[in-house]
Amino acid sequence: MSGVLVITEQRQGAWNKMSFEAVAAGLELAKLIGATCSAAVFGSGISTLTTDLAGKRLEKIYSVQHDLLADYTADGSVIALEHAIKQAAPDYVVFPHTYQVRDFAPALATRFGQVLISDVIAIHEGPVFVRQLLQGKLNADYRPTALASSATPCFISVQAGTFSADSVETGQAEIVPVELTLTADQIRNQPGERFRESAQTVDLSAAPLIVSVGRGIKEEENIAIVQELADALGAELAASRPICDNGWLPMERQVGSSGQTVAPKLYLAVGISGAIQHLVGMKGAKTIIAINKDENAPIFEIADYGVVGDLFEVVPALTKAILAAKS
Amino acid sequence: MKIIVAIKQVPERDAQIAIAADGRWIDEDDLAYTINEPDAYALEEALQLKEKNGGEVIVLCLGPERVTSTLREALAKGADRAIHVEFDELAALDTLAVAKMLAEAIKPESPDLILTGLQSDDLGLGQTGVVLAELLGIPHATIIMQVERTDSGLRVKRELEDGWFQHVDMPLPALLTIQSGGNKLRYATLMGIKKAKSKQTDTVTPADPVAPSIELAKVYLPSKQKKTEILKGSPAEVATQIVEKLKFEVRAL
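In this report, we go over the structure that sits alongside the text. (Residues numbered from 1 in each chain as written. Chains lettered and ligands numbered in written order. Predicted model: local features only at pLDDT ≥ 70, side-chain atom pairs only at ≥ 80, totals over all residues.)

This part takes up the overall build of chain B. On a plain count of helices and strands, chain B comes out with six helices and 13 strands. Referenced to the eigenvectors of the C-alpha coordinate spread, the extents of chain B come out at roughly 65 × 45 × 40 Å. Expressed as a percentage of its 253 residues, the buried residues of chain B come to 43%. (Helix = DSSP H or I, 4+ residues; strand = E, 2+ residues; numbered from the N terminus. Buried ≥ 20, exposed ≤ 12 C-beta atoms within 10 Å, placed from the backbone.)

Following this line, the structure appears as structure tokens:
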């Protein structure tokens, strides 16, 4: 084939829901370049998923089954997908930008002498792939230097939440098994069971109101003024990653790609610049209010209301005003 | 254990960013630089591993002359020596070309372990470590929070999505990309800064780079996804306006 090949992600027979966002991106790219779009699924015990995927409007489904792919390893994934890509011979390979893809896709691209264009947020005519730089302060247009071809495919991964999985229409695709030679000695890492650090006692995803604090708070003792604001409002207190890394708030209060994903009625971001890892965890909030001293902070790109100012002045004033309004 | 830490020098987080005249990168004049944050955690992990298991920590950085300040800082924090891969035209390199230059500098050292941050704060491609491992033919693991020496090699704690983790056992030599926050970063002591002056920094000149397979064609300010209404006034005035929104729009009050 030429065209687009989407690499999906599953674990123990269950889809990673970002797989279908990647399929949506692949279909959009295929439309732009006037080519067809196929997809690949790899793992062990994936026949149900293969059939499921074949029910989408795709050309072919490349199915890579092997017992040694039951638990994810970078080595197994690279070898399996190297086979699939060589067999499918696409011009473009599209991945969801998951933690797993970040672990193996750069090595896979290296095997083809290529570089992954990671965390893409839009695809334009050309094709041109848009991604963010400097924690979202700038956007950048990337493109392959030579025409992508089946000998030198272009690899891209798409950011969570940028393409709509719902847009993928039903259809009937042909299932193509991929012949794979893989032996146990080729897999160097031994993965253990997945675990969580502690039972999550705070379910931020159910909170209607969230006040969240970021680096702008500067010192641990300053957290108190944001806690007072959350208390006045009857909101849950949350934080961006650096606050939890510092141990100023427990990890279970972290919002973002490595923490919780929330979609409250109100998300009040205090001193949060809005690195993309944070935004993916909260951009579904209905109303976003941001207080930040930097008018160019990326949080203002998605905020409904913004205050450019000193949080140490604005937050206490807001707490006072809320308490007055409530009494 | 001989550990190499590959670090990158990036613009400071609070730096005022201006787009360069050619529209393909940022204006680097008068820009303040610092160590890439996840790389600082990689260095910290390496120093702690050395304190526990003995060995040597070598810091490695690719870039123009300016990156030597970041290497000196790493030496002041406790790294034993430094390797500077001197190359001025960073914009001409893609990840693969960068990783090839780093790999060539690493090979003669035959380290047991290579650490680097999981991604850079400027380009954020998050690939150099994994590509480097592939080029060197050694196993890797990414987004690592903890590293433990075992009889057969390493046991690492890998971060997964949504608060999940996983332990991975792997042989040495290996490469790990380190996540921020696993350790508390140390500061350079006065003694450390003094000692750093007598530590060795080797400068190596890389071979001509391979032609890039991707190019950064244009940078620009992102367009807003939502129309943000900026609330203006004194803190008290701004607070009154927010309370109005909370009452009548969000209905939170």
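If you trace the ten strands from one edge of the open sheet to the other, you get β11(A)-β5(A)-β4(A)-β1(A)-β6(A)-β10(A)-β7(A)-β8(A)-β9(A)-β12(B), paired in mixed fashion. In this open sheet, the two edge strands, each paired with only one partner strand, are β11 (174-177) of chain A together with β12 (214-220) of chain B. Mean inter-strand twist for the sheet, computed between neighbouring axes without regard to direction, equals 35°. Across five bridges, strand β8 (residues 128-133) of chain A lies against strand β9 (residues 138-144) of chain A in antiparallel orientation. Considered in β9 of chain A, the bridge of phenylalanine 129 of chain A is made with tyrosine 142 of chain A. Helix α3 (residues 74-88) of chain A contacts β1 (4-7), β4 (37-43), β5 (60-65) and β6 (92-96) of chain A of the sheet and is inclined by roughly 150° relative to β4 of chain A. Sheet strands touched by helix α4 (residues 99-111) of chain A: β6 and β10 (154-158) of chain A. Its angle to β10 of chain A, the strand with the most contacts, is close to 170°. (Pairing = 2+ DSSP bridges. Axes fitted to C-alpha atoms, helices over the stretch in contact; angles between N-to-C directions. Contact = placed C-beta atoms within 7 Å.)

Before going further, it helps to spend a moment on the sheet that holds strand β13 (residues 209-213) of chain A. Within a sheet, adjacent strands bond to each other through the backbone by hydrogen bonds, running parallel or antiparallel. The strand order β14(A)-β13(A)-β15(A)-β16(A)-β17(A)-β13(B) describes an open sheet built from six strands, whose pairing is parallel. A strand with exactly one partner marks an edge of an open sheet, and here the two such strands are β14 (236-239) of chain A together with β13 (229-230) of chain B. The sheet contact formed by strand β17 (residues 305-308) of chain A and β13 of chain B spans two bridges and is parallel. By the bridge assignment, tyrosine 305 of chain A is partnered in β13 of chain B with glutamate 229 of chain B. Relative to the sheet, helix α5 (residues 223-233) of chain A contacts β13, β14 and β15 (266-270) of chain A, its axis offset from that of β13 of chain A by approximately 175°. Of the strands in this sheet, β15, β16 (287-292) and β17 of chain A are in contact with helix α9 (residues 311-326) of chain A, which crosses β16 of chain A at around 135°.

On to the packing of α4 of chain A against helix α4 (residues 128-136) of chain B, then. Packing of α4 of chain A against α4 of chain B leaves a shortest axis separation of 8 Å and a crossing angle of 50°. Regarding the angle of α4 of chain A to α4 of chain B, the classification is oblique. The element α4 of chain A and its partner α4 of chain B pack so that their crossing is right-handed. Touching Pro106, Ala107 and Thr110 of chain A of α4 of chain A are Val130, Val131, Ala133, Glu134 and Leu135 of chain B, all from α4 of chain B. (Parallel < 35°, antiparallel > 145°, perpendicular 65-115°, else oblique. Left-handed = near helix turned anticlockwise from the far one by under 90°.)

Residues and elements named next belong to chain B. In terms of burial, helix α2 (residues 68-77) is largely enclosed, as seven of its ten residues are buried. For α2, the complete set of buried residues consists of Thr70, Leu71, Glu73, Ala74, Leu75, Ala76 and Lys77. At the C-terminal side of α2, glycine 78 shows a positive phi close to 135°.

With that out of the way, let us pick up unusual backbone geometry. Here the residue pair glycine 126 of chain A and proline 127 of chain A is connected by a cis peptide bond, since its omega of -5° sits within 30 degrees of zero. Tracing the backbone shows proline 127 of chain A in the loop between β7 (117-124) and β8. Omega for the peptide link from leucine 172 of chain B to proline 173 of chain B comes to -5°, which places this bond in the cis form. Relative to the helices and strands, proline 173 of chain B is located in the loop between β9 (164-170) and β10 (174-178). The phi dihedral of aspartate 119 of chain A is positive, around 60°, even though this residue is not glycine. Among the secondary structure elements, aspartate 119 of chain A is positioned in strand β7. Of note in this structure, arginine 251 of chain B is not a glycine but carries a positive phi near 55°. Examined against the element boundaries, arginine 251 of chain B turns out to sit in the segment after α6 (235-248).

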